[in-house]
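Coordinate analysis (summary)
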Amino acid sequence: MSNKKTYKIDLRPMDVFFFGGEQHFGEGDDANYFVRSNYFPQQSGILGMLRHQLLIQNDCIPITPNNKTTVSVLIGEESYDIHTAKTFGAIQSISPLFISSNGELLFPEASEFYIKKKDGLVELLQFNPKVFTDTNQTMIYPDQAKTSIITAGEDFLGKYELPDMLVSLSGKQFRYNKNNDIEKKGNLPENGVFIETGKPGIQKTARREKGKKDNGFYRQYSYSFPEGVCFTFFAEIDRDVAKNFETGRIMLGGEKSAFHMVVNQYTQSASPFEEGSAFYSGLYERPHKEFNKIVCLSDCIVSDELSAKVAFMSNTMIDFRNSRSKVQNTTNYNKMTLASNRQTYETPTRSNKYQLLKRGSVLWVEDAHLKEVQASLNKSQHRIIGYNYFKIIRKQ
């Protein structure tokens, strides 16, 4: 029987932070002159950070042939694999990453709102999916004799912006970007939490030293938080396996952004790891009359067949890769190689690129397909590290 304890973990930035993902400056035809940080790191990055901290705090670095068995027990033999279920030693579960503002948790707002600009007025409106007849029977469920399809509603146009927003359990909305110069009219929330900071991405002096033309206009945009704002997530740790787990300084992302990791035991009864938990009570309680609604609380890994089971989607796809290694095989952690069918994992390996449903994406689902869609999302191999969290709002 394990000695499993749940922890609330705050990540407080020590400076600006940058999470690049697939973004880089590149060269030649692939050159990008502006590179902007993602708002959140990947959940696989949170897992990697926790595994590294457990190794440090339990005196398992450096990894040598003599301690590899101990390391495998502590953090698991392999890193996260999108295709295969893995276990991670003392790490039993990780929740999605949220925002904490002066102690109040902020969650991704459902992507069922759009910004309409007309005659100088800026309005935040909500999707109202409508059903109309499809005489060709080709636009939805192409493999079935179905004649109705769903649209976003009469007032929606494809040119309208879908804003990134956060929401509290009380329903208060926040924009992501505090520097976003949206007209202060209408009903848009004016308070943001991410403060954008730009700097030269390729320093002028470095370019001169290489004998190249001055390209100091390349810009890299990072973020910081206002006072009292930080990242927050929850983790279940088996303390029989990890004798030490406490507050410390961590590095996160390819740019090694520095954070103060504050660890406190979580003792409340509402579990952040369970679907339908009271922990998420009050979120997204805007039921639709005709369709059930599924809101992604985290980025979600889904199959290509999902869209055929969904009546309507408001979603964004994001790129995903992660670094893969094996404790028994990997000997050089200072080099990264590309994926190969004959990979030996002597060095960490970049996975292939995949696309995920972005947090906040919304699926409108008919009763007949709800259980099937729910089952396709509810995969323990992804939920164990904080992917594929969602909430169902049943029709009323």
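Let us look at the structure shown here. Note on numbering: residues in each chain are counted from 1, in written sequence order. Whole-chain, interface and lining totals are the exception, using all residues; otherwise, since this is a predicted model, local features are given only for residues with pLDDT of at least 70 and side-chain atom pairs are given and counted only at 80 or more. Side-chain numbers here rest on the full set of heavy atoms in the structure, without hydrogens or water.

1. Thoughts on the overall build of the chain
Counting its secondary structure elements, the chain contains five helices and 25 strands. Counting the 396 residues in the chain, one finds 49% classified as buried. Intrachain contacts of the chain at a sequence separation of at least 6 include 71% that bridge at least 24 residues. Total accessible area computed for the chain in this model is approximately 20200 Å², and 45% of it derives from carbon and sulfur atoms. In DSSP terms, a helix is any run of H or I states spanning at least four residues, a strand is any run of E spanning at least two, and both are numbered starting from the N terminus. Exposure classes here rest on a 1.4 Å probe applied to the protein chains alone. A residue is buried below 20% of its type maximum, exposed above 50%, and partly exposed in between. Two residues qualify as a contact provided that any one of their heavy atoms is within 4.5 Å of a heavy atom in the partner residue. The Shrake-Rupley method, run with a 1.4 Å probe sphere, supplies the accessible areas, and residue values consider only the shown protein chains as cover.

2. Things to note about the sheet that holds strand E24 (residues 362-365)
Spatial strand order, E18-E24-E17-E25: four strands in an open sheet with antiparallel pairing. Edge strands, defined here as strands with exactly one partner in the open sheet, are strand E18 (312-314) and strand E25 (390-393). Put simply, the sheet's adjacent strands are angled 15 degrees from each other on average, direction ignored. In this scheme, strands are said to pair when DSSP sees at least two bridges between them. When E18 meets E24, the two strands line up antiparallel, connected through three bridges. Within E24, the residue paired with Ser314 across the bridge is Val362. A fitted line through C-alpha atoms serves as each axis, taken over the contacting stretch for helices, and the angle formed by two N-to-C directions is quoted from 0 to 180°.

3. Re the packing of aromatic side chains
Within a pair of aromatic rings, the relevant descriptors are the distance that separates the centres and the angle that separates the planes. Planes of paired rings set the category: under 30 degrees apart is stacked, over 60 is edge-to-face and the rest tilted, where pairs are Phe, Tyr or Trp rings (Trp by its six-membered ring) whose centres lie within 6.5 Å. Taken as a whole, this structure holds 32 aromatic pairs when the rule is applied. Centre to centre, the rings of Phe234 and Phe279 are 5.3 Å apart; their planes meet at 85 degrees, and the pair counts as edge-to-face. You can see Phe234 sitting in strand E14 (residues 229-238) and its partner Phe279 sitting in the loop between strand E16 (257-265) and strand E17 (292-296), a full 45 residues away along the chain. Grouping residues by exposure puts Phe234 and Phe279 together as buried.

4. Let's talk about the pattern of salt bridges
The term salt bridge refers to a pairing of a side-chain nitrogen on Lys or Arg with a carboxyl oxygen on Asp or Glu at a separation within 4 Å. This model, assessed by the stated rule, comprises 14 salt bridges. Across the pair Glu109 and Arg286 runs a salt bridge, and its minimum N-O distance is 3.0 Å. Remark: Arg286 occurs in the loop between E16 and E17 and Glu109 occurs in the loop between strand E5 (104-108) and strand E6 (113-118); sequence separation between them is 177 residues. With relative accessibility at 6%, the residue Glu109 sits in the buried group. It is possible to trace a salt-bridge network through shared partners that takes in Glu78, Asp81, Lys86 and Arg324.

5. Here's the deal with the side chain of His288
Position of His288 relative to the elements: it lies in the loop between E16 and E17. Here a polar contact means two N or O atoms within 3.5 Å. Within protein one must be a hydrogen donor candidate and the other an acceptor candidate, and residues neighboring in sequence count only if both atoms are side-chain atoms. Within the structure, His288 has its side chain in polar contact with the backbone nitrogen of Phe291 (distance 3.3 Å). With near-sequence residues (within four places) excluded, His288 lies in contact with Asn128, Pro129, Trp364, Lys395 and Gln396.

6. Re the environment of Ala90
Residue position: Ala90 is located in the loop between helix H2 (68-75) and strand E3 (91-94). In this structure Ala90 comes out as buried when scored by relative accessible area, which is 0%. In contact with Ala90, not counting residues within four places along its chain, are Leu54, Val73, Leu74, Glu236, Ile237, Asp238, Val241 and Ala242.

7. Some words on the nonpolar core
By size, the foremost hydrophobic cluster in this structure holds 52 residues, and its most contacted members are Ile9, Leu11, Leu50, Phe194, Phe231 and Phe233. Of the residues forming this core, the biggest block, six residues, is contributed by helix H1 (residues 43-57). Filtering out sequence-adjacent residues up to four positions away, Ile9 remains in contact with Leu50, Phe231, Thr232, Phe233, Ala235, Phe245, Met261, Val262 and Val263. As used in this record, nonpolar core signifies buried Ala, Val, Leu, Ile, Met, Phe, Trp, Tyr and Cys residues forming a set joined through side-chain atoms within 4.5 Å. Judged by nonpolar contacts, the second largest core, of 24 residues, contains Phe98, Leu297, Tyr389 and Ile393.

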